[in-house]
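Residue strings, one per chain:
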Amino acid sequence: MIRRAVGWLDERSGAVPLVQKGLRYVFPDHWSFLLGEMALYTFLVLVGTGVYLTLFFQPSYEPVVYDGAYEPLQGREVSQAYHSVLDLSFEVKAGLLMRQTHHWAANVFVVAIVLHLLRIFFTGAFRKPRQLTYYVGVTMLMLAVLEGFLGYSLVDDLLSGMGLAIAYSVVASVPFVGGNLVLLLWEAPFPGTSDFLSRIYVGHVLLLPLALGALIAIHLTLIVATKHTQFRGPRRLERNVVGTPLWPGYALRSLGLMCAVAAALLLLGGLVQINPVWLWGPYDTWLSTNGAQPDWYLGWLIGALRLMPSWEPHAWGYTFVPNPFWGGVAFPLVVFGFLFLWPTIERRVTGDDAFHHLLDRPRDVPWRTATGVAVFTWVACVFLAGASDRFFVQAGVPYEEQIWFWRAAVFVLPVLAFLLTRRLCVELGDGGRRTPASLGADRS
Amino acid sequence: MSFVRRVGRWATAGVVLLLARGRPRPPAEVARILPLHRAGDRAELAVASLLLLAAAGGAGFVAVYLLGADTQLLGLSLGLALAFLAAALVLGSRALVPQVEEVEERGELVHAREEAAVTQLVEESGEGITRRRLLTAAAGTAGLALGAALVVPAASLGPVLGTDRLLRTPWQRGRRLVDARGRPLAADAIAEGIFEIAFPEGAPKDTLDSPLVVIRLPEEALRLPDERSGWAPGGLLAFSQICTHAGCAITLYRWPLFEPTAPGPALVCPCHYSTFDPATGGDVLFGPAGRPLPQLPLEIDGSGALRAAGPLSGATGPSWWGVRA
């Protein structure tokens, strides 16, 4: 039976040698290697639930009178988009499960990518020959954040409208061309036309998923081409990989992880409410609410917008740099710029251009770990500042004091984090032997 | 050899041949790839039970779907089904199949010979060309022109050069202020501490230049610039409701409850807490907004309704390049 199937495949594709190689592909075992797989499987859940949602969603701002099952909004004028989301939540069987699972999955997707990125960064897995894999991964993080934002912007509820107003302002803040850009994208001054909604819809359900899918394919191909990294250990050398072959052990375990990820997302989607848009109500330009928060992965941007002091340079009577540019464009550019440039920076500093298949423990390279922790602390401070309004609304801590605290903290805490981490690494590790200067000589 | 014995031998051979036809030969000893592994009874039973539990979860999902599709039960049944399946797969991978740790050589990433060949191939293919510069320039021109042809249709997406549209506003002298239902706004209706949203009569409500905040402060508390004297009849003030920072609607109104210590009245945007001082004509008190909230001069007409006495003091909505400072 099996032999016949294998024979059938080989006679028609000649691919069996490849299959044989694939089944013997070795995966080094470490729990932290599962983070990327988690992101991959979450993406599958996103595609599955997302396709289901497209069967019911209508991307149109056309006003209609709500006549659906949710009584508090009956008779209210809403957009077709919002109406269709309420219908798929209340009247389509399993619709709410799919929608909530989709939303949870979007949040988990970015969590998994960020944790995976931290693992890659702090173990030095981005070094030669894996720079391309790393760049593709960081690009996917950017696209995932954008994809998530466009997703919850489609619904045309109060929160998505407020988010789009901010997005409009951030795009408009680009020096020289901001005004032209918003007219290109929105087709008219805010809130734009239904064409705008169609555009972000096509972006969300076609262009970005396609781009993510293609980048995932490239990412995985590059991983197979360079083979996995591994931590140092018995028998583990730069020139080999020690671990479990794909078949039979690893494939079953990985499928198990896929089911576990899907299980967790479905349990969240079924049992834990997320983004109840019927409570927020429909959006209009003159409506907003206190304590509004985006999904978590935009918290760092809302924090940057909040922290920025009232500074808007003018030149020749024109608004040279509108304020949202600092938090909404410059800040993410700096963070992603750091991520993209780091492999080059590290190579320049250490002069180390050798192949690295064995991973560092974070403590092994104190200066890299300390730099990473400092940048992470910086972004985390900005992220926490983004929640100042919740902290004010819920705990009563005065808002302005919080903002002043974080404005100082973004300068002080990263420095402290750097010094503390470096010290910790040196104490834990091999006494700081592998400093930038010595790393170059440490080629193996 | 006697004839009988020969026949007997042939017959035996024939029977053996017939019986043995189609039967597999005893396999030649093939080296095992995986070590022989005996899955224990307990592991097999455990995996089977987990698979059956997963089946029960799946069936439960179908049943819940048919019986009214309660969201919690749907999530619970399918989630548990997948959780059991996950457990079965992981346990199966650990206990049912052979456990091997393998050492695989990485092989070389660098292929010196092929690299040289590819380089040579590319170099040799262009060797006979003499007008290298001309061809490069021509190809570059073609690339640029075709690139432009590909990009230009994107201009149809929106009125890319019509940025003056961003500065248009329905607010001009004489325009009446109406509420959300289109009823004129009476000056008397706005007492101190009231926060009212107004729209231009007969114009769309949902653009950034449309909605206003109307409030009343004690006249002696006003500190408007000199050129705005007369903009606030009876202490009535109107400002664009759209924050000059990031375009959100200003819906928070800070009103001092304990006069001596509390800070004065302020208009606050809930998105990033840009805080504007209505008493001084919309100056930024705190937060990221880079310019004041545009103020609309007001007048009270004969019927006691509020009207615009002139245009807004600045551009509405978030700042962009064309906003004159």
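(A) Spatial organisation of the overall build of chain B. Scanning chain B for helices and strands turns up 5 helices and 12 strands. For 325 residues, the compact-globule estimate of 2.2 N^0.38 gives 20 Å, and chain B exceeds it by more than 25% at 42 Å. Here the C-alpha coordinates of chain B stretch approximately 145 × 80 × 40 Å along the principal axes. Burial statistics for chain B: of 325 residues in total, 32% are counted as buried. By sequence separation, contacts in chain B at least 24 residues apart represent 56% of the contacts at least 6 residues apart.

(B) Region of interest: the overall build of chain A. If you tally the helices and strands in chain A, you get 17 helices and 8 strands. Here the C-alpha radius of gyration of chain A, 25 Å, is about what a compact globule of 444 residues would show, namely 22 Å. For chain A, the spread of C-alpha atoms along the three principal axes comes to 70 × 65 × 45 Å. Sorting the 444 residues of chain A into buried and exposed places 45% on the buried side.

(C) Region of the structure containing unusual backbone geometry. All names here are of chain A. Residue P129 follows K128 across a cis peptide bond; omega there is 10 degrees. Relative to the assigned elements, P129 resides in the loop between α5 (95–122) and α6 (131–153). Between W247 and P248 the backbone carries a cis peptide bond, its omega angle lying at 0 degrees. Turning to its location among the elements, P248 is positioned in helix α10 (residues 246–271). Located in the positive-phi region is A94, a residue other than glycine, with phi close to 70 degrees.

(D) How the structure looks around the sheet that holds strand β7 (residues 266–268) of chain B. Residue and element names in this part refer to chain B. The 4 strands are arranged β6-β7-β8-β9 in an open sheet whose pairing can be described as antiparallel. In this open sheet, the two edge strands, each paired with only one partner strand, are β6 (252–254) and β9 (283–286). Geometrically, the sheet is characterised by an average inter-axis angle of 35 degrees between neighbouring strands, direction not taken into account. Bridge analysis of strand β8 (residues 275–277) against β9 gives 3 bridges, and the strand direction is antiparallel. Note that in β9 the partner of D277 across the bridge is D283.

(E) Region of the structure containing the interface of chain A and chain B. Residue-level contacts link 77 residues of chain A with 69 residues of chain B. Elements with a minimum of two residues in the side of chain A that touches chain B: α5, α7 (158–172), α8 (178–186), β5 (240–245), α10, α12 (299–307), β7 (318–319) and α16 (399–428) of chain A. When residues of the side of chain A that touches chain B are assigned to their parent elements, the largest contribution, 15 residues, is made by α10(A).

(F) Geometry of the nonpolar core. Core analysis: the largest hydrophobic core is formed by 172 residues, its most contacted members being F109(A) and V214(B). The element best represented in this core is α5(A), accounting for 15 residues.

(G) Summary view of helix α14 (residues 366–385) of chain A. Helix length check: α14(A) (20 residues) gives 28 Å between terminal C-alpha atoms against 28 Å at 1.5 Å per residue, within 8%. For α14(A), the tally of buried residues reaches 15 of 20 residues, placing the bulk of the element in the interior.

(H) Seen up close, the confidence of the model for chain B. Scored by pLDDT, chain B has a mean of 93; 96% of the residues are at 70 or more. Scored as a whole, the predicted complex attains pTM 0.92, and scored at its interfaces, ipTM 0.92.

(I) Here's a closer look at the pairing of strand β4 (residues 212–216) of chain B. Residues and elements named next belong to chain B. Of all 5 residues in β4, 5 are buried; the element is thus mostly enclosed. The alternating pattern of β4 places L212, V214 and R216 on one face and V213 and I215 on the opposite face, and all of these are buried. Pairing geometry for strand β3 (residues 196–200) and β4, over 3 bridges, is antiparallel. The partner of I197 across the bridge, within β4, is V213.

(J) Structural context of the pairing of β5(A). For strand β1 (residues 26–27) of chain A and β5(A), the ladder comprises 2 bridges, and the chain directions are antiparallel. Paired with F27(A) across the strands is T244(A), a residue of β5(A). Here β5(A) runs beside strand β1 (residues 102–105) of chain B; their pairing, made up of 4 bridges, is antiparallel. Looking at the pairing, V242(A) lines up with V103(B) of β1(B).

(K) How the structure looks around the sheet that holds strand β5 (residues 236–240) of chain B. All names here are of chain B. Reading across the sheet, the 5 strands line up as β2-β3-β4-β5-β10 and stay open at both edges, with antiparallel pairing between neighbours. At either margin of the open sheet sits one strand with a lone partner, and together these are β2 (177–178) and β10 (295–296). In this sheet, β5 lies alongside β4 in antiparallel orientation, the contact comprising 5 bridges. Paired with L212 across the two strands is S240, which belongs to β5.

(L) Representation of the packing of α6(A) against α7(A). Residue and element names in this part refer to chain A. Running from amino to carboxyl end, α6 crosses α7 at an angle of 130 degrees, the nearest separation of the two axes being 8 Å. When the axes of α6 and α7 are compared, the pair comes out oblique. Taken together, the residues of α7 that come into contact with α6 (itself represented by F149, Y152 and S153) are S160, G163 and L164. A per-class count over the contact of α6 with α7 returns 3 nonpolar, 3 polar and no charged.

(M) Examining the confidence of the model for chain A more closely. Of all residues in chain A, 97% have pLDDT values of 70 or greater, and the mean over the chain is 94. pLDDT under 50 marks residues 437–444 of chain A. Its contacts with residues more than four places away, or in other chains, come to 11 contacts.

(N) Region of interest: the environment of E62(A). All names here are of chain A. Along the chain, E62 falls in the loop between α3 (34–54) and β2 (63–65). Judged by local crowding, E62 falls into the exposed class, with 11 C-beta atoms found within 10 Å. With 136 residues separating them in the primary sequence, E62 and S198 have C-alpha atoms 12 Å apart.

(O) Spatial organisation of helix α4 (residues 112–125) of chain B. For α4(B), spanning 14 residues, the distance from its first C-alpha to its last is 20 Å, which sits close to the expected 20 Å at 1.5 Å a residue. The element α4(B) is barely covered by neighbouring structure, given that only 0 of its 14 residues are classed as buried.

(P) Broad picture of the environment of L146(A). By the element assignment, L146(A) lies in helix α6. Each C-alpha atom of the pair L146(A) and Y297(A) lies 9.7 Å from the other, and the pair is 151 residues apart in sequence.

(Q) Quick peek at the environment of R347(A). All names here are of chain A. Counting through the fold element by element, R347 comes out in helix α13 (residues 324–350). For R347, a count of 16 C-beta atoms within 10 Å gives the class partly exposed. For the pair R347 and K128, spaced 219 residues apart in sequence, the C-alpha to C-alpha distance is 9.2 Å. Sequence-distant contacts of R347, defined by excluding residues within four places in its chain, comprise D352 and D353.

Conventions and cut-offs
- Residues numbered from 1 in each chain as written.
- Chains lettered and ligands numbered in written order.
- Predicted model: local features only at pLDDT ≥ 70, side-chain atom pairs only at ≥ 80, totals over all residues.
- Helix = DSSP H or I, 4+ residues; strand = E, 2+ residues; numbered from the N terminus.
- Rg over C-alpha atoms; globule rule 2.2 N^0.38 Å.
- Buried ≥ 20, exposed ≤ 12 C-beta atoms within 10 Å, placed from the backbone.
- Contact = placed C-beta atoms within 7 Å.
- Pairing = 2+ DSSP bridges.
- Axes fitted to C-alpha atoms, helices over the stretch in contact; angles between N-to-C directions.
- Core = buried A, V, L, I, M, F, W, Y, C linked by C-beta atoms within 7 Å.
- Expected span 1.5 Å × (residues − 1).
- pLDDT = per-residue confidence, 0-100.
- Parallel < 35°, antiparallel > 145°, perpendicular 65-115°, else oblique.
- Nonpolar A, V, L, I, M, F, W, Y, C, P; charged D, E, K, R; others polar.

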